[in-house]
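# Breakdown of the fold
Listed below are the residues making up each chain.
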Amino acid sequence: MSVEAKLIIKDLTHYYPDEYTGESVHALENINLQVYENEFVAIVGPSGCGKTTLLNIVAGLLPYRQGIATVDGIDISGPGPDRGVVFQEHAILPWRTVSKNIGHGLELQRLPKTEISRRVHEYIDLVGLTGFEDRYPHELSGGMKQRVAVARTLCADPVIMLMDEPFAAVDAQTRITLQDELNRIVMATRKTVLFITHSVEEAAFLGDRCIVFSRRPGQIKTEIKIQIPREERVWKDMSSNPIFTDARDEILRLVRQEVTSDDEQ
Amino acid sequence: MTSNNNVVSFRHKLKKFTTDGAGRLIIFLIGSIILWAFISLFIIERPDRYLPSPMAVILSSLDMLYKGSLISFYSDTLGRLVFGGIVGILIGIPIGLALGLNRTIADMFYPLMNFFQSVSGIAIFPVVVIWFGNSDTTVMIVILYTSFFPIAFNVLSGVRSVPVRYIQAARTLGASRLQIIRDVLLPGAMPSIAVGTRLSVGFAWRAVIAGEMLAGRPGLGNMIFSGQELDNTAQILLGMVMIGVTWIVLDHYLLRPLEADTIERWGLVQR
Amino acid sequence: MGAGAEMITYNRLSIALQKRFGRQRLRRMILGSIPFIVLIFLWELNTHFGWYDPIEIPPISAMWEAIFWLQSDCPGFVAAIEGHNDCNLSNNIISSIGRVILAAAVGIPLGVAFGVLAGINRVLSGYLEPVGIFMNSVSGIAWIPLAIVWFGVGWETTLFIMLNTIFWLIFFNTMMGVRAVPRVLVQGVQTLGGSRWDTIRHVYIPGALPSIITGMRMSLGFGWRALIAAEMIGGDSGLGFMIFVSAVEFKSEEVFLGVILISIIYLISDRWLLVPLEKWTVERWGLVWKPT
Ligand SMILES: Nc1ncnc2c1ncn2[C@@H]1O[C@H](COP(=O)(O)OP(=O)(O)OP(=O)(O)O)[C@@H](O)[C@H]1O
Ligand SMILES: [Mg+2]
């Protein structure tokens, strides 16, 4: 049972049609990818290589024509609560308080109020926002907003959590804290995660597997396994962990290759 | 190859046209005329009274053009708008400036102006009629009254929005009070003046129509009003279309570009 | 009581006032009331010396008396609320305000509903944008003659004018507001399992709310003016009708009274109802809507 992957992508190719000229942008080329239960897969690649495209397809926000994409064996045909997304921009609703935002998914699934508030409290504690339950998003810092977004996604209990550069808009210090926290949260909730970033460090720090994309049209260039137990993934230890540093340097080399060969053309 | 390119570029152009502002406007106009004609010809009873067809309206416009009344009405109305708009703005700018420059004057007169602004130009019409009768003066007073407030209030807030730093900087360069007004405050308030101008002209346009209707002075307003009295609904529709189209053209091709240009050129303060 | 005691009372009072309102606000209140006091003073002087004819500028006392004279046959407060035939002034006030409320109760939901439908669909909203602009630019006053043809002189015409103004403004503002809602907010709710209806309820309408409220303020501003004009030209009741008829009969105290009532009603509903509503959404949700 558990051998079967949670997310399966087979031979996925995507073109964006251009409305005016009729020419199209070739965004993804023949992607094959599996994400297994409890796995944390990080995707890195140069800017504009189609990472967001892939994530949007998996999220069901972008219809695809060529290839297969399934979650838990079911074809992806639109957005659904089985695939939670944390967006790069702040996508939490400004007119809902922190706890209302976090409980939104459960509210949409029409769960009883007591059950919602119990789960919401649990996740507020988990992401460390206790005391901010009744604040509105504009009263929070950027880092706190992303914590709300993560809690909102997890609270709806998706099969897989999709994250598109979730920490790109916060400052470097907060980013490190959030990465540590995300690691702890993933450990605690045992979630399956597909994580997109263009920070090589971030990918190597968080990912059980790192997928390196080529430049556009996006193809999977290599896959690197990083076998460090989750418990050991803490920034203060990681920077001296040779498995981490080796993997990071290797990924960096591969990504640099893509970027520089881009320059040569 | 070439023909294929042509097809592509034609499709491109068509797509651009249909998503472009002017293209949409034209499509909308044609669409609504067809809809209007359909309702008038096939749905409504006694269309000549309740909703004459576009054809009837065109005929009525030709008739009025031939008799010369259409052009004279139109020029009367436009004349009032231009005169009333310009004078209203010319009165509004200095008063707005004075209020923006001096806090005491502003604190003193702001509530009064606020009160009179909420007494709309249309509501004071009966008062003005008692004073000046159903005359051109009455209509002009109503127009001036309506167009004055938006520009005055916008100039006021425009002057207030100029950062104090700029004024201090000019002071340290030895600028006199007058020079500060000319070189710092007026340019700084330009975007607000442009916004206020557009609002003022918009308000004035409504006031022109209402004033002509109420006072019975010749113009588009009176044309639609007498259309109702004469049981000539085609004339009403003609007037309404002219009122709407004139405003859209004026707004789209004069006021909006003016506003956008001014904000772009002088808009340091606003962004 | 000596002068010293009076002085102390005065000081206490002024300190209490300053504490209550704040120094700046007190200064502003006092300065702001000066022109009103001067104006009323001049007005009284005019009555006293008769510079202008009472028909041109009626005495303030006559305006005050007009209130009672217009209500003189009214049997009582309850009768006034019920719209008794002889309660002239209150009937006109109720009739104007009633039309605003009725038109708002119908026009706002309709405008929001159509505005949301149009705004969700980008292509459709592109085509409907000029419709909104056109309707808003012809709206109000220019419709009065056609409305008279359609509905005759009476309350239907005035209601139609008000409804027409409200509907198009709310429609247009809702549409633009919905269009400006960031896509990612909608996608966020969709990925939580929200249906189309959920995105409308939880995202589009609250997101467009600041713009809708701006539309409501504009509706009241333009609509109230249009309503007064419609009552003058095509109505048979209401404050606009009252001042128009009174002007024809040269009862200027009634005209002045009516004009002042018209602006006070507008001021109160704008400042005490719509402005706080606008502030509320902005402050609570940290949203600012910039009109296009
Ligand atoms: N809606 C669209 N229509 C046409 N082309 C698009 C569209 N969205 C993206 N593209 C193009 O597809 C390519 C891949 O875009 P995508 O957003 O997936 O890149 P990305 O890897 O997420 O980049 P980044 O790291 O900058 O976020 C880009 O070249 C982009 O220009
Ligand atoms: Mg991206």
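Criteria and thresholds
Residues numbered from 1 in each chain as written. Chains lettered and ligands numbered in written order. Predicted model: local features only at pLDDT ≥ 70, side-chain atom pairs only at ≥ 80, totals over all residues. Heavy atoms only, no water. Helix = DSSP H or I, 4+ residues; strand = E, 2+ residues; numbered from the N terminus. Contact = heavy atoms within 4.5 Å. Areas by Shrake-Rupley, 256 points an atom, 1.4 Å probe, with all protein chains shown as cover. Lys, Arg positive; Asp, Glu negative; His and termini not counted. Charge placed at Lys NZ, Arg CZ, Asp CG, Glu CD. Rg over C-alpha atoms; globule rule 2.2 N^0.38 Å. Buried < 20%, exposed > 50% of the residue type's maximum accessible area, 1.4 Å probe, protein only. Near = heavy atom within 4 Å. Polar contact = N/O pair within 3.5 Å; in protein donor to acceptor, adjacent residues only side chain to side chain. Pairing = 2+ DSSP bridges. Axes fitted to C-alpha atoms, helices over the stretch in contact; angles between N-to-C directions. Buried area = accessible area lost by both parts, 1.4 Å probe. Salt bridge = Lys/Arg side-chain N within 4 Å of Asp/Glu carboxyl O. Phe/Tyr/Trp six-rings, centres within 6.5 Å; stacked < 30°, edge-to-face > 60°. pLDDT = per-residue confidence, 0-100. Left-handed = near helix turned anticlockwise from the far one by under 90°. Nonpolar A, V, L, I, M, F, W, Y, C, P; charged D, E, K, R; others polar. Patch = residues over 30% accessible without salt bridge, like charges linked within 9 Å, V, L, I, M, F, W, Y side chains within 5 Å. Right-handed = clockwise from strand over helix to strand, strands pointing away.

What follows is about the overall build of chain A. Across its full length, chain A carries nine helices and 10 strands. A principal-axis box enclosing the C-alpha atoms of chain A has dimensions of 55 × 45 × 40 Å. In chain A, the proportion of contacts linking residues at least 24 apart, taken out of those at least 6 apart, comes to 69%. Within the structure as shown, chain A displays about 11900 Å² of accessible surface, and the carbon and sulfur contribution to it stands at 49%. Side-chain charges in chain A split into 30 positive and 39 negative, and the spacing between the mean points of these groups amounts to 4 Å.

Quick look at the overall build of chain B now. Secondary structure assignment for chain B yields 12 helices and zero strands. Reading the helices (α) and strands (β) of chain B from amino to carboxyl end gives α-α-α-α-α-α-α-α-α-α-α-α. Since a compact globule built from 271 residues should have a radius of gyration of about 18 Å, the 24 Å found for chain B marks it as more spread out than a globular shape. Projecting the C-alpha coordinates of chain B onto the three principal axes gives extents of approximately 75 × 75 × 30 Å. Burial statistics for chain B: of 271 residues in total, 48% are counted as buried. Sequence-distant contacts in chain B: of pairs separated by 6 or more residues, those separated by 24 or more amount to 69%. Accessible surface computed for chain B: about 13800 Å², of which carbon and sulfur atoms make up 67%. In chain B, which carries 21 positive and 15 negative side-chain charges, the distance between the mean positions of the two groups comes to 12 Å.

Next up on the list: the site of ligand 1. Residues and elements named next belong to chain A. Tyr16, Val25, Ser47, Gly48, Cys49, Gly50, Lys51, Thr52, Thr53, Glu165, His198 and Arg216 make up every residue found near ligand 1. In the environment of ligand 1, an oxygen atom lies 2.8 Å from a nitrogen or oxygen atom belonging to the backbone of Gly48. Contact with the protein chains covers 63% of the free accessible surface of ligand 1, which is 630 Å². Per-element accounting of the shell around ligand 1 gives the leading share, three residues, to helix α1 (residues 51-59).

What follows concerns the sheet that holds strand β1 (residues 7-17) of chain A. All names here are of chain A. Reading across from one edge, β2-β1-β4-β5 is the order of the four strands in this open sheet, with antiparallel pairing throughout. Since the sheet does not close on itself, it has two edges, and those belong to β2 (24-35) and β5 (74-75), each with one partner. When strand β4 (residues 66-71) meets β5, the two strands line up antiparallel, connected through two bridges. Bridge pairing in β5 places Val71 opposite Ile74. Docked against the sheet, α1 engages β1 and β2, running at close to 115° with respect to β1.

Moving on, we come to the interface of chain A and chain C. Contacts between chain A and chain C engage 27 residues on the former and 21 residues on the latter. Together, the buried faces of chain A and chain C total about 2000 Å²; carbon and sulfur atoms form 68% of this surface. Of all residues in chain A, the largest losses of buried area upon contact with chain C belong to Trp95(A), Leu108(A) and Tyr136(A), amounting jointly to 33% of the total for that side. Here chain A is connected to chain C by zero salt bridges. For the side of chain A that touches chain C, the secondary-structure elements that each account for two or more residues are β6 (83-86) and α3 (104-108) of chain A. Sorting elements by how many residues they give to the side of chain A that touches chain C places α3(A) first, with four residues.

Attention now goes to the packing of aromatic side chains. On inspection of all chains with the given rule, the structure shows 25 aromatic pairs over all chains. Judged by centre distance (5.7 Å) and plane angle (15°), the ring pair of Phe49(C) and Trp51(C) falls under stacked. Here the two residues Phe49(C) and Trp51(C) agree in accessibility, since each one is exposed. Grouped by ring-pair contacts, the aromatic residues Tyr110(B), Tyr145(B), Phe148(B), Phe149(B) and Phe153(B) constitute a single cluster.

Listed per partner, the contact involves 49 residues of chain B and 49 residues of chain C. When chain B packs against chain C, close to 4700 Å² is buried across both sides, 77% of that on carbon and sulfur atoms. Three residues stand out in chain B for area buried against chain C, namely Ile130(B), Arg206(B) and Met240(B), and they jointly supply 14% of the buried area on that side. The tally of links from chain B across to chain C stands at one salt bridge.

The share of residues in chain B with pLDDT of 70 or more is 90%, and the mean pLDDT across the chain is 86. The ipTM, which scores confidence in the relative placement of chains, is 0.86 for this predicted complex, and the corresponding pTM is 0.85.

Time to look at the pattern of salt bridges. Within this structure, the stated rule accounts for 32 salt bridges over all chains. Measuring nitrogen to oxygen at the nearest pair gives 3.2 Å for the salt bridge that ties Glu223(A) to Arg209(A). Of this pair, Glu223(A) sits in strand β10 (residues 220-225) while Arg209(A) sits in strand β9 (residues 209-213); the two residues are 14 residues apart in sequence, bridging distant segments of the chain. Relative accessible area serves as the criterion here: at 39%, Glu223(A) is assigned to the partly exposed category. Across the pair Arg256(B) and Asp251(B) runs a salt bridge whose closest N-O atoms are separated by 3.4 Å. On the basis of relative accessibility, which here comes to 5%, the residue Asp251(B) falls in the buried class. Put simply, Glu115(A), Arg118(A), Arg119(A) and Glu122(A) are held in one network by salt bridges that share partners.

We now examine the packing of helix α5 (residues 88-120) of chain C against helix α8 (residues 155-179) of chain C. All names here are of chain C. It is the contact of α5 with α8, at a shortest axis distance of 7 Å, that shows an interaxial angle of 30°. Relative to α8, the crossing made by α5 is right-handed. Of the residues in the contact of α5 with α8, the class split is 22 nonpolar, six polar and two charged.

Residues and elements named next belong to chain A. The omega torsion of the bond from Arg216 to Pro217 falls at -5°, within 30 degrees of zero and hence cis. Within the element layout of this structure, Pro217 appears in the loop between β9 and β10. Here Asn38, not a glycine, exhibits a phi torsion of approximately 65°, which is positive. Positionally, Asn38 belongs in the loop between β2 and β3 (40-44).

A cluster of like positive charges, contributed by Arg103(B), Arg160(B), Arg20(C), Arg25(C) and Arg28(C), occupies part of the molecular surface. A relative accessible area of 51% means that Arg103(B) is categorised as exposed.

Turning next to the pairing of strand β7 (residues 160-164) of chain A. Regular strands show a simple pattern: their side chains alternate between the two faces of the sheet. All names here are of chain A. Burial runs high along β7: five of the five residues are buried. Where burial is concerned, the two faces of β7 agree: the one with Ile160, Leu162 and Asp164 and the one with Met161 and Met163 are both buried. Relative to β7, β6 is paired through four bridges, and the arrangement is parallel. Across the sheet, the residue bridging to Val85 is Leu162, located in β7. Relative to strand β8 (residues 192-196), β7 is paired through five bridges, and the arrangement is parallel. Bridging from a neighbouring strand, Met161 pairs with Val193 of β8. In terms of handedness, the path from β7 via helix α6 (residues 172-189) over to β8 forms a crossover that is right-handed.

Next up on the list: a nonpolar patch on the surface. Residues and elements named next belong to chain B. A cluster of nonpolar residues, Met55, Ile58, Leu59, Leu62, Leu65 and Ile71, forms a patch on the protein surface that exposes about 590 Å² of accessible area. With five residues, the single largest contributor to the nonpolar patch is helix α4 (residues 54-67). Note that Ile58 resides in helix α4.

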